[in-house]
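Listed below are the residues making up each chain.
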Amino acid sequence: MEERPRAVLLKFPGTNCDEETARALEVVGFSTEIVPISALTTEALDGVKLVMLSGGFSYGDYVMSGRLARLVTEQKIDGALKEFRDNGGYLLGICNGFQILTQLGLLPEGSLVENTSGRFQCQWVKMKKQADCPFLTLLPDEFELPMAHAEGRLVTMTAEDAEKYRENGAAAVTYNEDVNGSFEHIAGLQDETGRVFGMMPHPERFLYREDHYDPDWENPAGSDEEKWGSGYYLFRSLYESVTSSN
Amino acid sequence: MSDSESILDQIAEAPADHYRVLKISDLDGGKLLELSQFMHLSLSEEDMLAVQEIYKDWDREPTDVELEVIAQTWSEHCKHRIFGADIDHEVNGEKEKVKSLFKTYIYDVSQRIFDSKPGFVLSAFHDNAGFIKLDDNLAVCLKAETHNHPSAIEPYAGANTGIGGVVRDILGAGKGAKPIASLDVFCFGAPDTTMDNIKAEDVLHPLGIMRGVVRGVRDYGNRMGIPTVSGAIQFDNSYIYNPLVYCGTAGLIPIKYIDKEVGAGMKVIAVGGRTGRDGLHGATFSSAALDTESHESDQQAVQIGNPIEEKKAADFVLAARDADLIEFITDCGAGGYSSAAGEMLEECGGTINLDNVTLKEPGMVSWEIFISESQERMVLAVKEGSLEELQKLADLYETELIILGDADGSGILKVTHHGETVCQLDCSKLHTAPTRHLNAKWELKTESVDAPAIDKGGEDLKSLLSDFSIVSREPIIREYDHEVQGNTILKPLAGASGDAPQDASVMRVDGSEHLMSMSVSILPEWGKTDPYAMGTACVDECIRQMVASGADPDRLAILDNFCMGNPDAEEELGALVETVKGIAAAAESYGAPFVSGKDSFYNYFETDEGPVSIPVTILISGMGIVEDASHVTGSSLRCRDSLIVVIGSTESELGGSVYARQKGLTNATVPGTDMDAAMGLYRKYYECVKQGLILSAHDVSEGGLAVTLAEAAFSGKAGLEIDLSSLPTGEDVSVAAMLFGESPSRLVVEIALENLEKVAEIFEGQPFAPLGRAAGEHSNLKVTRGDDVLIDEPLDELKSLWKNGLAQYY
Amino acid sequence: MRKTFEISDRYIEPGHADELLYEPLGGDLTFRRTRRYEIEFKRGKSKLEAFIEKTLRDPISQELHEGEDPALDDFSFVLEYGMKPGALDLEKEAILTYYRGIEDPGFELKELSIRQRIYVFGGGSDKSDRFIRDICNYAIHNWSVIQG
């Protein structure tokens, strides 16, 4: 049997989407290990193809979302994640994971702040692909995912920075509407290598067709793929990118 | 009060700074009561005399630690003594004696159901939560608690410690269950209450309570990563002073981890948060009524939850369980270590060493440490040989582990501190509080009233859809992460547009083919005039919602959570007794056992204008097994040319309905529930579900048939053309009752045209009729009766009223 | 030594003050929130300042205002509140836990106090009691008002 590419999912105190995210990774073909941050060492990344940062509230996110998770990660393994990326590794951050990747400086400069509504928003959102991105290849141009966050509004130092991200493809995916006040409706960012991607909505929550709120949702990929939801294709795209880049 | 300060000093002998021996043997009843009040023990004179007797038998005096332990154990909160009381009850002039409401109407009824369904209920009443069998390997459990008094004083903190507490109940169920879904049910005053309608000082405005409570649930539940999927809110002025906050959580466990036992030689350990003075006197506090003074003086009782502390403890517990390192576990709730250790060591006995407890602040005395209810702590019994591995897991998940003591088989609970024994109690004595004797009385005062004529049905419908009891809960639901864990298949808001209401929620369960349905029902308006009918209807609605969602009607279990005002007032207790009889009758008819329950008393408040009690309020929450994902059925219209059928009979009674309240019909007769007939219908409905004949189904509840139809159509798929001419009804049913009456046991069901014959055949001889169709050609809700047009309104107008009703307040 | 500073958000627009109240006041009152930190420390001033920059302030979305005086101008009044002694302040807990985990911080943190500030703009300086009533709870908070 073919060996599965290995993924490591970092679990901070307060990380809470680890199990369903690990499930999604397993379903598309990864072999996934959940590693609590207390046990993280540089060596833990040896032979690993993907570092996954899942959703949750790392350390409660009381200071600022993702801030303490970043500082503790740096304490533990310093710049090892940058090195991991430079050596061809992939990093995916969902929701709190996106916030942490942003804090770690692994994504184009930006910050995820309180939604303009001032509320936590658990709802489904329609999104558009805006650039080629190894994490999105199998998704149609428009797709829908659930989101659930209070701090998902992407802001940049100046409004021009966000516009630039739209132009240069860093803003790989946008919301169709203004859902949380994100500059340029940005929902997710990728880095220059295309191997680091972060996004607020939760693909792991739409792994299966039955996860959709509408029982009559039709998979645009057709009836052969009836079982899957849009989130599946994100993880599967990632899997294919990881395995083909070997 | 004047010399109460001295009572403790008068009788205290102080062997050490950290504990005292109290000479109670010579005190008379009055002095004993004074002592109880001074120490905030919440024990009555009778209780204190019983304590005195126990110590006379033992021929010694108690320590302060022991008195605190007994008070905690006997307090209403812990032992539900009113549910165990002997009650002389009089209903409509007929006298009867009830020996223990719990035993007669909850326990015995459930035992009979367990016997009739062997292997279904795997554990009930003795553990933190009751378990039912999901499949050969897995079981699910559900527990609900109230956190009313703390939420009245500090809503945010009250709600977040409420949810934190019930989550720990689940973590402490069996050898540790995984929390997989939460429910939250609230009763508040109306959000538009004006300040001058609040007749007491320092009472928080209902809107402040609502916002605080919702944020408290949000900030704790979301951080714990438990989807909040089910809930309800009732608004009524009787809840202004005593809001009700019910928190419930469901758990999942491998069946092999349900049974647990403490044995001699095991180590007792604790994990999670530290112990502080912040958690003193919560258990006894919730057994006493609120008044303005309690808002000022009970600041000590307000704790704020720390969800990350609890999340770390939860991660530890589940990892330790999966490594089979846990022999026994329980939560540290009301009564703190004293009740956790008491529960754990009540048969086995053992020693707890308070010197090992890590404290938030120095200088705490023995009783403070032992009964402190500081949050986020779990207590476990483990094999000594497992300690090393457990410590590794604690380090891995960054939670603190302490060794509290040993279980030793002596049957004695011994507590040591600074090298001295500060408590030594025969555990078997701890759990036998004196039986209380109470009087109850209920008289049904309802009467049949003439139904108003319907001339502007559309206007009536609009005013119902804008009523606080019916408007969309969307602004609140969206603040809760209801999809974390990625298993919420039937979400609280769904349908084609993702924002239409659903009856029950359905959770996929990792590792099983089967799913779990959850629902709640709470109908306090009914109970004001007919508590028995409230009881039967609540059970019916809870069950009906789960059945509608695709659950097997023969694999359901329910919980009873009561709240009431003053149990010493005969009428109020009478209403409680009648409610209990109602839920018991319904549970037995439906074969849905109670597997857990809890009660909250003294929800009354001394206002400037006299005492205000809440109406007796019962929350029935339920869990049920959905056999297959293909059975999951939502409440929203799915197709354009489907048929709409109604199942169940519409009766004439309007009592308890939102319509009756809006029209000012007081004391109108409340509809009864024909439970056997209903169960027959549900089984037939399930037959249709299994054959794949049902597109959608919505239960008829608040607002009646018209509101149900509108809500189903809020998916935006089609308009509706409905004709009530063939509506199955009882005798003399008015048009008002057809449209807006709330007779139980009814479902509005959508089926495909080609399946009508099959479905009709299944329902042969039952109250069943096609009423109309989903209309592709317009998007109105049109309801006629023959040639009479009763309602013809654009659905988008109706939906916008319904959807925005609460948005302006939350 | 003591260090006092206030952190405000660059991108959060003022909200309507009625959102904070149980019964609307009407009118055009608006509000903004900031957080004020007071740190008592020993040794290593520059290390502490680096700690603050790294831990407490987001350079993209936040501004740091040094000193005692209010960070924002032209307000009607400021309601400052926070957890009273003995009530759990989760942000403070998180910061202290992180601080204790640093091997050699280079300074000694003696005390940390975090206060929330609500700036109210557009009049209503006599209405601060309403804001106190609806925002603060003596069961967990203490507070003060700064008039503009």
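Computed from a predicted structure; not experimentally measured. (Residues numbered from 1 in each chain as written. Chains lettered and ligands numbered in written order. Predicted model: local features only at pLDDT ≥ 70, side-chain atom pairs only at ≥ 80, totals over all residues.)

Chemist: Help me understand the sheet that holds strand β34 (residues 780–785) of chain B, please; the structure alone is not making it clear to me.
Modeler: Paired through backbone hydrogen bonds, the strands of a sheet run either parallel or antiparallel to each other. Residue and element names in this part refer to chain B. The 7 strands are arranged β30-β32-β29-β33-β31-β34-β35 in an open sheet whose pairing can be described as mixed. Each edge of the open sheet carries a strand with a single partner, namely β30 (696–699) and β35 (788–794). Averaged over all adjacent pairs, the angle separating strand axes in this sheet is 20°, with direction ignored. Judged from the 4 bridges that link them, strand β31 (residues 719–723) and strand β33 (residues 768–775) form a sheet pairing that is antiparallel. Paired with glutamate 721 across the two strands is arginine 773, which belongs to β33. Helix-sheet contacts for helix α17 (residues 457–465) involve β34 and β35, and the interaxial angle to β35 is about 45°. (Pairing = 2+ DSSP bridges. Helix = DSSP H or I, 4+ residues; strand = E, 2+ residues; numbered from the N terminus. Axes fitted to C-alpha atoms, helices over the stretch in contact; angles between N-to-C directions. Contact = placed C-beta atoms within 7 Å.)

Chemist: Quick question: what am I supposed to make of the nonpolar core here?
Modeler: Soluble, globular proteins show a tendency: their nonpolar side chains are buried together. B:Cys141, B:Val379 and B:Ala710 are the most contacted members of the largest nonpolar core, which totals 366 residues. For this core, the leading source of residues is helix α20 (residues 531–548) of chain B, giving 11 residues. Setting aside its immediate chain neighbours within four residues, B:Val379 contacts B:Val268, B:Ala270, B:Thr330, B:Cys332, B:Tyr337, B:Ala340, B:Ala341, B:Met344 and B:Leu404. With 12 residues, the next largest nonpolar core counts C:Phe75, C:Tyr81, C:Ile118 and C:Val120 among its residues. (Core = buried A, V, L, I, M, F, W, Y, C linked by C-beta atoms within 7 Å. Buried ≥ 20, exposed ≤ 12 C-beta atoms within 10 Å, placed from the backbone.)

Chemist: Just to check I follow, could you spell out the packing of helix α8 (residues 155–171) of chain B against helix α12 (residues 307–322) of chain B for this structure?
Modeler: Think of two packed helices as two axes; the pair is described by the angle between the axes and how far apart they sit. Residues and elements named next belong to chain B. It is at 11 Å that the axes of α8 and α12 come closest, and there the two elements cross at 5°. In terms of their interaxial angle, α8 and α12 are classed as roughly parallel. Residues Gly164, Val167 and Leu171 of α8 lie in contact with α12, whose contacting residues are Pro307, Glu310, Ala314 and Val317. The class makeup of the residues in the contact of α8 with α12 is 5 nonpolar, 1 polar and 1 charged. (Parallel < 35°, antiparallel > 145°, perpendicular 65-115°, else oblique. Nonpolar A, V, L, I, M, F, W, Y, C, P; charged D, E, K, R; others polar.)

Chemist: Got a minute to help me understand the sheet that holds strand β22 (residues 505–508) of chain B in this structure?
Modeler: All names here are of chain B. Read across the sheet, 6 strands follow the order β19-β22-β23-β28-β24-β25 without closing on themselves; strand pairing throughout is mixed. Only two strands of the sheet have a single neighbouring strand rather than two, namely β19 (488–490) and β25 (594–600). Sheet twist, expressed as the mean angle between neighbouring strand axes with direction ignored, is 20°. Sheet topology places strand β24 (residues 556–563) next to β25; 6 bridges connect them, and they run parallel. Across the sheet, residue cysteine 563 finds its bridge partner in β25, namely serine 600. Packing against the sheet, α20 makes contact with β23 (515–522), β24 and β28 (617–626), and its axis sits at approximately 25° to β28.

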